[in-house]
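# Reading the structure
Listed here are the chains, written in short residue letters.
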Amino acid sequence: MTAASVWTSVKSYFNVAGDLESQPQIEASIRSGVSFRGAQLLVLIFAIFVASLGLNTDSIPVIIGAMLISPLMGPIIGMGLGIGIHDFDLLRRGMKNIFMAVVGSLAASAVYFLISPQYEGSSQLLARTSPSIYDVFIALFGGAAGIVSIAAKNKGQVMPGVAIATSLMPPLCTAGYGLATLQWQFFFGALYLFFTNMVFILFATWTGVKLMGLRPLPAQDTARARRIQVLVYTIVIATVGVSAYLTAIMLQKSIFMERAAQFVQTEMVFPNTQVLSHREYVERGVRHIDVTLIGDPLPKDSLQLAMTRRLDEAGLGGTRLNIHQGFSIERAQPGPVTNNEEASRMYAIMQSQLAARQNTVDSLSRIIDGQRRVTDAAVRLSPEVRVVFPGVSAMAMTHTVASDVSGDIPSDTVYLLMVNAPRGLAAAERKRLADYAAVRLNLPAVDICVNPPAFPWPEAKTEEAAP
């Protein structure tokens, strides 16, 4: 098999000529969705309110539902067809309808958010105010899939997926939210995202019309068509440039936030002080790291200087590091809580420190209780030993840990009974005393030390203290 035959076989898989409807059928299908009148206008209004509710409640399923029922794709694809076949009346009608749709969508969503109890931007709202180059590719490939689906005989269920992927309705609702609350970063960011999606759906439709070989209308002004095409190319290039610039800023910000969070986790580790919270952000082109410490206060100036040097070593030079400290378990003062998340973190860390200190207290208490039990048991055992072993005049008992210096033998707990026997103890008597003490004190074993030298027995201490 030759290379030419392989290439011919591969091209046959991508040949859509046999799957396309006739040009009049394609045009009729697209033209029918351009206008917003009657039922389509009502569907658009209902979709606006559904999308606004979804954004208000931060509900992804509701937002997806609004995308599915929204008819905004029709005029945009109609504009692409109008440019492709030089039907300027269709282009004008599509522009008029999409303008009315945008104005109506902004008005409806603004009215909704004026009367709804939404005071802070939800995550789904915020996600539609940061357009990037990825939105360009999504709209481009989504629009390409849309025009191929419309032109194909077997249309399948492509258009609902295109409506979800290109996301035309939620940005308009987000812009309406920004208009209602006078938050212009929401308004302009969301409008730009909608404009980006619209331009590249239009461009994909126009390109698809040309590639599928749809014939332009006869007796049209070719110079006018050329001017429109140049204008579209200019808008496309400008949109790509702005999107690429925003994407570069977004990637730089993402890299900074990742490095900054890693810096706080690895560098800001102190013995008796913990990081309560940290926040990384970029404001007016300046990078910031805000860190709140809890525990023992650290020297502010030396800490700031040391951390600033480490920022330079970590490739974060020029970042403003704001360190807040002064919170500790002993010195925490009651007062109003303004940040619920920070208060929760502080509470969790304080609980952790209290638990650690309680464990230390419990461990020391167990050690003291163990020593006290041995001491009390020895005091109770003394009268019995004096009766059973008359040769013993005094005794003392303790327990300790014996360790091998070389480390070859594991450490072990030793219970030691020291006795003062002026006449000494025979080996049999010593063993009997060890067994007796172990049974009476419920210990695994007791070692006997007879007459330890220089041991301060009570009698000796009394004799030394006498005049």
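In short, a report on the structure. (Residues numbered from 1 in each chain as written. Predicted model: local features only at pLDDT ≥ 70, side-chain atom pairs only at ≥ 80, totals over all residues. Heavy atoms only, no water.)

## Brief notes about the pattern of salt bridges
To be explicit about the condition: The term salt bridge refers to a side-chain nitrogen of Lys or Arg lying within 4 Å of a carboxyl oxygen of Asp or Glu. Numbering goes from the N terminus for both helices and strands, where a helix is a DSSP run of H or I of at least four residues and a strand is a run of E of at least two. A 1.4 Å probe rolled over the protein chains alone gives each residue an accessible area, and that area as a share of the maximum for its type sets the label: buried under 20%, exposed over 50%, partly exposed in between.
Tallied over the full model, the rule gives 8 salt bridges. Between D87 and R31 there is a salt bridge; the shortest N-O distance is 2.6 Å. Here R31 lies in helix α2 (residues 23-31) and D87 lies in the loop between α5 (73-84) and α6 (88-115), a separation of 56 residues in the sequence. For D87, a relative accessible area of 8% puts it in the buried group. Across the pair E429 and R432 runs a salt bridge whose closest N-O atoms are separated by 3.1 Å. Taken together, the residues E429 and R432, both in helix α15 (residues 427-441) and 3 residues apart, mark about one turn of the helix. On the accessibility criterion, E429 (28% relative accessible area) is partly exposed. Through salt bridges with shared partners, one network takes in E27, R31 and D87.

## Looking at helix α4 (residues 60-69)
Residues spaced three or four apart along an α-helix point in a common direction, a consequence of the helix completing one turn every 3.6 residues. Rules: Directions from the helix axis toward the C-beta atoms define the arc.
The set of residues buried in α4 consists of I63, A66 and M67. Considered in projection along α4, the buried side chains sweep an arc of 100° and stay on one side of the axis.

## Some thoughts on the packing of aromatic side chains
Note the following rule: Here a Phe, Tyr or Trp ring, Trp counted by its six-membered ring, pairs with any other such ring whose centre lies within 6.5 Å, and the pair is stacked when the planes are under 30 degrees apart, edge-to-face when over 60, and tilted otherwise. Two conditions define a charge sitting above a ring: the NZ of Lys or the CZ of Arg must be within 6 Å of the ring centre, and it must be within 35 degrees of the ring normal.
Enumeration over the complete set of coordinates arrives at 13 aromatic pairs. Pairing F389 with Y436 gives two aromatic rings, centres 6.0 Å apart and planes at 70°, and the pair type is edge-to-face. In this pair, F389 sits in the loop between α14 (340-388) and β4 (394-402) while Y436 sits in helix α15, placing the two residues 47 residues apart along the sequence. Overall, the relative accessible area of 22% leaves Y436 in the partly exposed class. Members of the aromatic cluster, connected to one another through ring pairs, are F49, Y112, F113, Y177 and F186. R279 extends its terminal NZ or CZ atom over the ring of Y281, reaching a point 4.0 Å from the ring centre.

## Here we look at the packing of helix α8 (residues 133-151) against helix α12 (residues 222-267)
The condition that has to hold: Interaxial angles span 0 to 180 degrees and are taken between N-to-C directions of axes, which are lines fitted to C-alpha atoms, for helices over the stretch in contact. With respect to orientation, any angle under 35 degrees is reported as roughly parallel, any angle over 145 as roughly antiparallel, any angle of 65 to 115 as roughly perpendicular, and every other angle as oblique. The contact definition used throughout considers only heavy atoms, calling two residues in contact when any of these lie within 4.5 Å. For this classification, the nonpolar set comprises Ala, Val, Leu, Ile, Met, Phe, Trp, Tyr, Cys and Pro, the charged set comprises Asp, Glu, Lys and Arg, and every other residue, Gly included, is treated as polar.
Between α8 and α12, the shortest axis-to-axis distance is 7 Å and the interhelical angle comes to 130°. On the basis of their axis angle, the class for α8 and α12 is oblique. Side by side, α8 and α12 meet where I133, Y134 and V136 of the first sit next to V240, S243, A244, T247, M250 and L251 of the second. Here the contact of α8 with α12 is composed, by residue class, of 7 nonpolar, 2 polar and no charged.

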